[in-house]
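What the coordinates show
Spelled out from the first residue to the last, the chains are:
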Amino acid sequence: MIMEATIKDLKVKSIYKKLVSSPDASSLITVSTALLGLILFFSFSSPYFFSKTVFLNIGMYAAIMGTLACSMTFINVSGNIDISGGSQIAVVGMVTAVLIKSGSMPLWLCVLLGVASGTVCGMINGFFITVIKVNAFITTIATMQMLRGIAYLISNGQTLVISDQKFKFLGRGYVLGIPFTLIMLVVFYIVFHIISRNTVFGRTIYMIGGNPLASFLSGIRVQRIKFILYTLNGTMAGCAGIMLASQSGAGLPMAAMNSNMQALSAVILGGAGLSGGRGTILGTFIGVMVLCTLITGMTMLSISSFWQDVIVGVVLLISVSIDAIKSGSLKRKI
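Just so you know, these numbers come straight off a predicted model, no measurement behind them. The residue numbering used here restarts from 1 in each chain and proceeds along that chain's sequence as written. Local features in a predicted model are, by the rule used here, given only for residues with pLDDT of at least 70; side-chain atom pairs are given and counted only at 80 or more, and totals for whole chains, interfaces and linings are based on all residues. Hydrogens and water molecules were not included; the side-chain quantities draw on all heavy atoms of the structure.

Overview of the overall build of the protein
Helix numbering and strand numbering both begin at the N terminus, where a helix is a DSSP run of H or I of at least 4 residues and a strand a DSSP run of E of at least 2. Along the backbone of the protein there are 14 helices and four strands. Of the contacts made within the protein by residues no fewer than 6 positions apart, 80% connect residues no fewer than 24 positions apart. When checking whether two residues touch, look at their non-hydrogen atoms; a contact exists if any pair is within 4.5 Å.

Details of the confidence of the model for the protein
pLDDT measures how confident the predictor is about each residue, on a scale from 0 to 100. Overall, the prediction assigns the protein a mean pLDDT of 87, with 90% of residues at 70 or greater. In the model of the protein, helix α1 (residues 2–19) stands out as the element of lowest mean pLDDT, 48, in contrast to helix α5 (residues 107–130), which has the highest, 96. Note on residues 1–7: pLDDT under 50 across the span, and zero contacts to partners over four residues away in sequence or across chains.

Let's talk about helix α12 (residues 259–269)
The cut-offs for exposure are 20% and 50% of the maximum accessible area for each residue type, with area from a 1.4 Å probe on protein chains only; residues under the lower value are buried, those over the upper are exposed, and the others partly exposed. Burial runs high along α12: nine of the 11 residues are buried. Every buried residue belonging to α12 is among Ser259, Asn260, Gln262, Ala263, Leu264, Ser265, Ala266, Val267 and Ile268, and all of these are buried. Looking one or two residues beyond α12, the residue adopting positive phi is Gly271, at roughly 110°.

As for the environment of Ile225
Its place among the elements puts Ile225 in helix α11 (residues 222–248). Using a relative accessible area of 11% as the deciding quantity, one classes Ile225 as buried.

Quick word on the packing of aromatic side chains
In this analysis, rings of Phe, Tyr and Trp, with Trp reduced to its six-membered ring, are considered paired at centre separations within 6.5 Å, and the interplanar angle assigns stacked below 30 degrees, edge-to-face beyond 60, and tilted for intermediate values. According to the stated counting rule, one finds eight aromatic pairs in the structure shown. A centroid spacing of 5.4 Å and a plane angle of 90° characterise the contact between Phe50 and Phe55, whose relative ring orientation is edge-to-face. With a relative accessible area of 58%, Phe50 lands in the exposed category. Considering the side-chain rings of Phe127 and Phe128, the 5.3 Å spacing of their centres and the 85° angle between planes classify their relative orientation as edge-to-face. Ring-pair connections join several aromatic residues into one group, and the members of that group are Phe41, Phe42, Phe49, Phe50 and Phe55.

What about the packing of helix α9 (residues 200–210) against α11?
Note on definitions: angles span 0 to 180 degrees between N-to-C directions of axes, and those axes are lines fitted to C-alpha atoms, for helices only across the stretch in contact. It is the contact of α9 with α11, at a shortest axis distance of 11 Å, that shows an interaxial angle of 110°. When the interaxial angle is binned, α9 and α11 end up roughly perpendicular. Note that α9 runs across α11; the crossing there is left-handed. On α11, the residues that touch Phe201, Thr204, Ile205 and Ile208 of α9 are Val222, Ile225, Lys226, Ile228 and Leu229. Working definition: roughly parallel below 35 degrees, roughly antiparallel above 145 degrees, roughly perpendicular at 65 to 115 degrees, and oblique for all remaining angles. Each crossing gets its handedness from the near helix: less than a right angle anticlockwise from the far helix is left-handed, clockwise is right-handed.

Some remarks on the side chain of Thr143
Among the structural elements, Thr143 can be located in helix α6 (residues 136–154). Given the relative accessible area of 4%, Thr143 is considered buried. In protein, a polar contact means a hydrogen-donor-capable atom and an acceptor-capable atom, both N or O and within 3.5 Å, with residues adjacent in sequence counting only if both atoms are side-chain atoms; elsewhere, any N or O pair within 3.5 Å suffices. A polar atom in the side chain of Thr143 sits 3.3 Å from the backbone oxygen of Thr140. Discounting chain neighbours no more than four positions away, the residues touching Thr143 are Ser84, Ile124, Asn125 and Arg148.

Focus on the nonpolar core
Met65, Ile89, Phe167, Tyr189 and Val288 are the most contacted members of the largest nonpolar core, which has 84 residues in total. The dominant element in this core, judged by the number of residues it contributes, is helix α3 (residues 52–77), at 14 residues. With residues near it in sequence (within four places) discarded, Tyr189 still touches Gly66, Ala69, Cys70, Ile281, Thr284, Phe285 and Val288. By nonpolar core is meant a set of buried Ala, Val, Leu, Ile, Met, Phe, Trp, Tyr and Cys residues that side-chain atoms within 4.5 Å join together.

A few points about the side chain of Ser246
The topology assignment puts Ser246 in helix α11. Among the residues examined, Ser246 registers a relative accessible area of 0% and is labelled buried. Of note is the side chain of Ser246, whose polar atom sits 2.7 Å from the backbone oxygen of Phe167. Leaving out residues up to four positions away in the same chain, Ser246 has contacts with Phe167, Lys168, Phe169, Leu170, Gly171 and Arg172.

See the structure below:
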């Protein structure tokens, strides 16, 4: 049994090394260059951009999108997709607001149950995708609509103001001059990076994305891993929901409307292909910073929010096109 486990681990390691070698390096260089270019462009375009305050604000803004993108990277690497994250964030914010306003339990328990509601949302996605075998894209479109409706039903579409000052620290507080949300974001990415690079579970995700059939034949419980990934994504959406509710000081049923598409854009920008088997946590982190820098810079230049949506959409389209070209779409005759 020990020998079989060792052989399986060696197979996973060898496939993992092939999947995460050179393509990731080129993607990291490209997205890092894009980030540097944006910083230089906005620094010359606005005299107020290149400052500590602006960069800290970018980090605080990146916390919501980045937390969701962190776990979404694993889902994309495994060859799957989840577009319901924004609705999950909204549900978490509403559940947390209701619990805090009830005053029937301590704040830490309200926060914990809020995150747990996100975990349940992820488990719902995982159940239909891995047990019922519904297509991931169709499933998450359905749950995106369903969960958004639940967020509105919780308060009949009304905003629930959260006045607890201790809760506001989670989204607006500073530790040694650094936003607490940015500290949490960095911690999340360090943990996920370690998981992706130094654990069998992380290597298994890449193997499933590269060749799910071979993974299944080698003894890997593919559906079980997928269920864990969607549950984990729900938990991270829960954390993002707590941060957003704290930053806004309210539970908002319309919250995070664009967060999921922005997170997906960041993941693809960072080099994680939609076909699976590629991508890094570091690449996603830089991709998040690229989008947040772009949005912040456009806001400082007083560019209309409508045009911002257009530009971010173009960035996503370009990212997906690059991913398709890397996958050999131009070489296919049909």
